[in-house]
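This is what each chain is made of:
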Amino acid sequence: MSVTDRVVKMSKYMITLPKSRISLLLILIVSIFFGGIIGCLTPDLQFEGIAYAFLDGAATLFFLLALPTIAYGGIMHSAVNSLKKRHMKLKQALFLSFISMTIIALIYLVGHIILAVLGLDYTMNFLLIGILFGFGIIMLILWGTSNIKFWQSFIIAALQPVLILSMLVLIYYLTETTTSANSVIFMYIKAIIGALVLALAVYAFVTVIESPIRNNLGVGGLELLSLFIANMTEGSNAMEDLFAVMGEPVDTTVGVVSFKNKEGIKANYISPCVHPGPVGSIGGGNLPEVLNNQLDDFSIIVHGAATHDFNPVAAKEIKKIADAVDNLIPTLEYSDKASKFQRVQHDEAKIGLQQFNDGAILLSTFAPIPGDDIDYGVGVSMMYETKYQLNLNDVIVVDCHNCLSGNIDRLMPGHNRVIQIEDAIKKLEKPELYPIEMGCASKIIEDITVKEGVGPCGLKLMITKVDNQEMLYVVVDGNNMKQGFREEIMDAVHEKYPEIDMIEVMTTDTHIVNTISGGGLTVGTKKGDILINHILNLIPEAYDDLEEVSVASGTARLNIETLGPNNSTELVTTLSSIFSVMKLLAPLVFITAAIILIWWIF
C-alpha cells in the first residue's frame with residue numbers, strides 16, 4: 001500500500017466538527033447535567049430537596065466550568081491564530097474546550113461519588129486532576145496539530161486551568177465565610193507542578209515520535225501532521241512546501257495521440273506517466289483538470305503508467321506536462337490512416353490496441369479482476385515490447401484503472417501479472433490501416449459531486465470509425481471504478497447502441513475525490529445509474545461530431561519534481577515504525593505521568 005493510501009486511511013479517524021453554536025449548547029447542557037447530578041449526591045438529601053439540589057449543583061458547575069470554558073474557547077482561537085501558523089476555526093477551539101470540560105466534569109463527578117459512598121472528601125483533588133488532564137489533552141492537540149512551538153502550546157493550554165481555578169477561588173470567596181490564602185496558594189502550587197509533569201510527558205512522547213521523521217526525511221513530523229489536517233479541513237496546499245523539501249526529480253514521459261480536422265487540432269488524447277496524487281488538491285491530486293485548463297485544445301486526459309512514487313510535489317509541476325505536449329504537437333506528422341481496435345487476453349490480462357499512423361494506443365486492464373497503478377518501469381517494458389511486436393514508432397500506454405475492490409498492490413516488475421501482460425501483447429496482430437473518422441463529446445457531471453466520486457472534468461467520450469468498425473472510448477474523471485461497473489456500462493451501451501462494435505471504459509485516477517469529507521469513492525459506488533444515463537445521452541453528440549480526420553502520435557520526455565520512490569518507501573517505513581512504537585510508548589509515558597500526578601495531588 002502506498003504512502004498516500006496509508007495517510008488517507010488515517011483520515012477516517014478525523015471527524016467533522018459541529019458548528020460553534022452546537023459546541024456552545026453542548027457546554028451548557030453537559031455542565032448543567034453533571035452539576036445537577038453532583039448536587040443530588042449531597043449526603044442526607046431529602047426527596048423534597050432534590051429539585052433545589054439539582055438546580056444548585058447545575059448553577060455551581062455552570063459558573064465553575066461552563067463560563068470559563070466558553071471564554072477559553074474564544075481566547076484559544078485568538079491566541080493560536082495570532083501566531084500565524086495553522087489557522088484554527090472558532091468551532092475547533094470551542095469543541096476542544098468542550099472535550100476538556102467534559103473530562104473535568106467526569107473526574108469531578110467521580111470525586112463526589114466517592115464522597116457520597118465512602119464519605120471521603122477528595123472532591124477538590126479530583127477537580128484538580130480533571131483540570132490537569134484537560135490541560136494535557138489540549139496541549140498535546142495544540143502542539144501536535146497547530147504547528148506552534150512547545151512553550152506556546154503550554155501557555156495557551158494553561159489558560160483554561162487558570163480561568164477555572166480563578167473561578168473556583170471566586171466562588172469560595174463569595175460562598176464561604178473564610179477562605180484561607182494558604183490553601184489557595186497551595187492549590188496553585190499543586191496545579192503548577194502537575195502541569196509541568198504532564199508537559200514533560202507530552203514533550204517526551206512527541207519528541208520520540210517526531211524525531212525519526214525529521215532525521216530520515218528532513219521535515220518535522222508535527223508540521224507534516226498539521227499541514228495534512230489543514231488540507232483535509234481547510235483545503236490548504238501548504239503541504240506542498242514540505243513535499244518540495246522531500247522531493248526528487250524524475251525523468252518520465254507523456255504520450256499524445258493528436259487528431260486534426262480541416263480547421264486544425266480537433267482533440268488530443270493524452271497519457272502522462274505522472275501520477276494524479278497524492279490527495280485532494282495537493283501536488284498533482286487534481287492533475288486532469290489542471291492539465292486540461294493549461295492546454296488550448298480539447299484534451300482527453302487518461303492515466304499513464306505511474307504510481308504514487310511519481311506524485312508531483314506541487315501543482316505548478318503540472319505545467320511541465322502541458323509544456324511538453326505543446327512542444328511535441330508541432331513536430332508530429334499526420335496521416336489519415338488508422339487500424340481497427342483489437343482486444344486480446346491472456347489469463348486475467350486484457351490488452352486493447354488501436355494503431356494511429358505509425359503509433360498506437362495500448363489499453364491495459366484486468367477487469368473484472370481488481371487492479372491498481374502500473375509502475376513506470378512496467379509501462380516502459382509494455383511500450384517496447386509492443387513496438388517490437390508490431391514494428392511501431394510510438395506506443396501510448398494507458399492504465400484503464402477501471403476495477404477496484406479493497407486494497408490492491410500496485411503492479412511492479414516481477415509480478416505474475418506483468419508476465420500475463422507480456423504474453424497478451426504477444427497475441428497482438430499487425431493490423432491493416434484504413435481512413436479514420438473521429439467524433440468526441442464531453443459533459444460536466446453536476447449531479448454527481450466530487451464527494452460522490454466524479455471529478456470536475458466529468459465525462460469525455462471519443463468514437464473512432466475505421467473500415468465500418470466503431471470503437472467507443474469512455475473516460476470518467478474519477479479514482480478507479482467499482483468492481484463490475486465497467487461491465488454494467490458496456491452492457492448498457494451495447495443494448496442501446498448495438499452498432500458500436502468495441503468499447504473500453506477508463507478513469508483518470510484523479511485524487512481530487514480523496515478528501516476527508518466523504519470522498520475517495522470509486523466511480524459507480526454512488527449514483528452509478530445516473531452516470532450510465534449521462535454516457536448513453538452523450539453518445540449521440542459524439543456521433544454528430546464524427547468526421548474524417550488525420551492523426552499522429554508521439555511521446556515527449558520531461559523532468560518533474562516528485563515525491564520519489566526512495567522517499568515514498570522511507571516515509572511508509574518510518575510511519576509504520578512510529579505507529580508500532582506509539583502502541584508501547586503512549587501507555588508507558590502517560591500512565592507513568594498520571595501515577596506521578598495523582599501521587600502529587602493526593
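Keep in mind it's a predicted model, so treat the numbers as computed, not measured.

Enquirer: Would you mind showing me how to read helix α5 (residues 123-145) here?
Expert: Structurally, the α-helix is built with 3.6 residues per turn, so residues lying three or four positions apart point the same way. For α5, built from 23 residues, the straight-helix expectation of 33 Å at 1.5 Å per residue is met to within 8% by its first-to-last C-alpha distance of 33 Å. The buried count for α5 comes to 18 of 23 residues, which makes it a mostly enclosed element. At the exit of α5 stands Asn147, carrying a positive phi of roughly 60°.

Enquirer: I would appreciate a short explanation of helix α3 (residues 50-82) in the present structure.
Expert: Given a rise of 1.5 Å per residue, 33 residues ought to cover 48 Å, and the 46 Å separating the end C-alpha atoms of α3 matches this to within 8%. A maximum bend of about 40° is found in α3 at Phe62.

Enquirer: Before we go on, may I ask you to explain the packing of α3 against helix α4 (residues 90-118) in this structure?
Expert: Packed helix pairs are specified by the crossing angle of their axes together with the interaxial distance, meaning the distance between the axes. Where α3 contacts α4, the two axes come as close as 8 Å, and the packing angle between them is 150°. Taken together, the axis directions place α3 and α4 in an arrangement best described as roughly antiparallel. Handedness of the crossing formed by α3 with α4: right-handed. Taken together, the residues of α4 that come into contact with α3 (itself represented by Leu61, Leu64, Leu65, Ala66, Thr69, Ile70, Tyr72, Gly73, Gly74, Met76 and His77) are Leu90, Ala93, Leu94, Leu96, Ser97, Phe98, Met101, Ile104, Ala105 and Tyr108. Here the residues of the contact of α3 with α4 are counted per class, giving 16 nonpolar, five polar and no charged.

Enquirer: I would appreciate a short explanation of the nonpolar core in the present structure.
Expert: Counting 56 residues, the largest nonpolar core has Leu61, Leu64, Leu65, Met76 and Leu142 as its most contacted members. Elements represented by at least two residues in this core include exactly α2 (20-40), α3, α4, α5, α6 (150-175), α7 (181-217) and α16 (565-601). Here this core takes 11 residues from α5, the largest share from any one element. Setting aside chain neighbours within four positions, we find Leu142 in contact with Tyr72, Met76, Val80, Met88, Leu96, Asn147, Ile148, Ser153, Ile156 and Ala157.

Enquirer: When you look at unusual backbone geometry in this model, what are you seeing that I'm missing?
Expert: Leaving glycine out, the prevailing phi sign among residues is negative, and the prevailing peptide bond configuration is trans. The omega torsion across Ala367 and Pro368 is 10°, close enough to zero to call that bond cis. By secondary structure assignment, the location of Pro368 is in the loop between β7 (359-365) and α12 (376-390). If you check the backbone angles, His401 has positive phi at about 50° while not being a glycine. Structurally, His401 can be placed in the loop between β8 (394-399) and α13 (416-425).

Enquirer: Explanation requested: empty space enclosed by the protein in the structure shown.
Expert: Empty space among the atoms becomes visible once a probe the size of a water molecule is rolled across them. Tallying each qualifying case throughout the model produces two cavities of 30 Å³ or more. A volume near 50 Å³ is recorded for the largest cavity. Forming the boundary of the largest cavity are Pro288, Ile301, Cys457, Gly458, Lys460, Val475, Asp477 and Thr508. Split into classes, the residues belonging to the lining of the largest cavity amount to four nonpolar, two polar and two charged. In this structure, the second largest cavity encloses a volume near 30 Å³. Across the lining of the second largest cavity, the residue classes break down as four nonpolar, three polar and three charged.

Enquirer: Is there a simple way to explain the packing of helix α14 (residues 485-496) against helix α15 (residues 528-544) in this structure?
Expert: Between α14 and α15, whose axes approach to 10 Å, the crossing angle comes to 40°. As summarised for this structure, α14 and α15 are arranged oblique, according to the angle between their axes. Crossing handedness for the pair α14 and α15: right-handed. Residues Phe485, Glu488, Ile489, Ala492, Val493 and Lys496 of α14 pack against Gly528, Leu531, Ile532, Ile535, Leu536, Asn537 and Ile539 of α15. Tallied by class, the residues present in the contact of α14 with α15 amount to nine nonpolar, two polar and two charged.

Enquirer: Please clarify how the environment of Val254 should be interpreted in this entry.
Expert: As for its position among the elements, Val254 is in strand β1 (residues 248-261). You can call Val254 buried: its relative accessible area is 0%. Remark: the alpha-carbon pair of Val254 and Val274, spanning 20 residues in sequence, is separated by 8.0 Å. Residues contacting Val254, with those up to four places away along its chain left out, are Ile270, Ser271, Pro272, Cys273, Ile321, Ala324, Val325, Gly554, Thr555, Ala556 and Leu558.

Enquirer: How do you make sense of a nonpolar patch on the surface when you look at a structure like this?
Expert: Residues Ile113, Val117, Leu118, Leu120, Tyr122, Ile598 and Phe602 make up a contiguous nonpolar surface patch of roughly 650 Å² in combined accessible area. If one sorts the elements of the nonpolar patch by residue count, α4 sits on top with three residues. The topology assignment puts Ile113 in helix α4. We classify Ile113 as partly exposed; its relative accessible area is 38%.

Enquirer: What's the story with the pairing of strand β13 (residues 547-562) in this structure? I'm lost.
Expert: Note on strand geometry: in a regular strand, side chains alternate between the two faces of the sheet. As judged from the 13 bridges shared by β1 and β13, these two strands associate in the antiparallel manner. Following the sheet pairing, Thr252 is matched in β13 by Leu558. Sheet topology places strand β9 (residues 434-443) next to β13; three bridges connect them, and they run antiparallel. Following the sheet pairing, Ile436 is matched in β13 by Val549.

Enquirer: How should the side chain of Gln152 be read in this particular structure?
Expert: Its place among the elements puts Gln152 in helix α6. For Gln152, a relative accessible area of 12% translates into the label buried. Of note is the side chain of Gln152, whose polar atom sits 2.9 Å from the backbone nitrogen of Lys149.

Enquirer: What exactly am I supposed to notice about the pairing of strand β10 (residues 459-466) here?
Expert: Counting buried residues along β10, seven of its eight residues qualify, which places the element largely inside the surrounding structure. In terms of strand pairing, β9 meets β10 through eight bridges, oriented antiparallel. Directly across from Cys440, in β10, lies its bridge partner Met462. Relative to strand β11 (residues 469-476), β10 is paired through eight bridges, and the arrangement is antiparallel. Bridge pairing links Lys460 to Val475 in β11. Here β10 folds back onto β11 in antiparallel fashion, the turn holding two residues, of which Asp467 has a positive phi close to 50°.

Rules used throughout
Residues numbered from 1 in each chain as written. Predicted model: local features only at pLDDT ≥ 70, side-chain atom pairs only at ≥ 80, totals over all residues. Heavy atoms only, no water. Helix = DSSP H or I, 4+ residues; strand = E, 2+ residues; numbered from the N terminus. Expected span 1.5 Å × (residues − 1). Buried < 20%, exposed > 50% of the residue type's maximum accessible area, 1.4 Å probe, protein only. Bend = angle between axes of the 7 residues up to and from the residue. Axes fitted to C-alpha atoms, helices over the stretch in contact; angles between N-to-C directions. Parallel < 35°, antiparallel > 145°, perpendicular 65-115°, else oblique. Left-handed = near helix turned anticlockwise from the far one by under 90°. Contact = heavy atoms within 4.5 Å. Nonpolar A, V, L, I, M, F, W, Y, C, P; charged D, E, K, R; others polar. Core = buried A, V, L, I, M, F, W, Y, C linked by side-chain atoms within 4.5 Å. 1 Å grid on protein atoms, 1.4 Å probe; cavity = no way out; pocket = protein on both sides within 12 Å on 5 of 7 lines; lining within 4 Å. Points joined across faces, edges and corners; volume = space filled by probe spheres on them. Patch = residues over 30% accessible without salt bridge, like charges linked within 9 Å, V, L, I, M, F, W, Y side chains within 5 Å. Areas by Shrake-Rupley, 256 points an atom, 1.4 Å probe, with all protein chains shown as cover. Salt bridge = Lys/Arg side-chain N within 4 Å of Asp/Glu carboxyl O. Pairing = 2+ DSSP bridges. Polar contact = N/O pair within 3.5 Å; in protein donor to acceptor, adjacent residues only side chain to side chain.

Take it as geometry only, folks, not as evidence of what the structure does.
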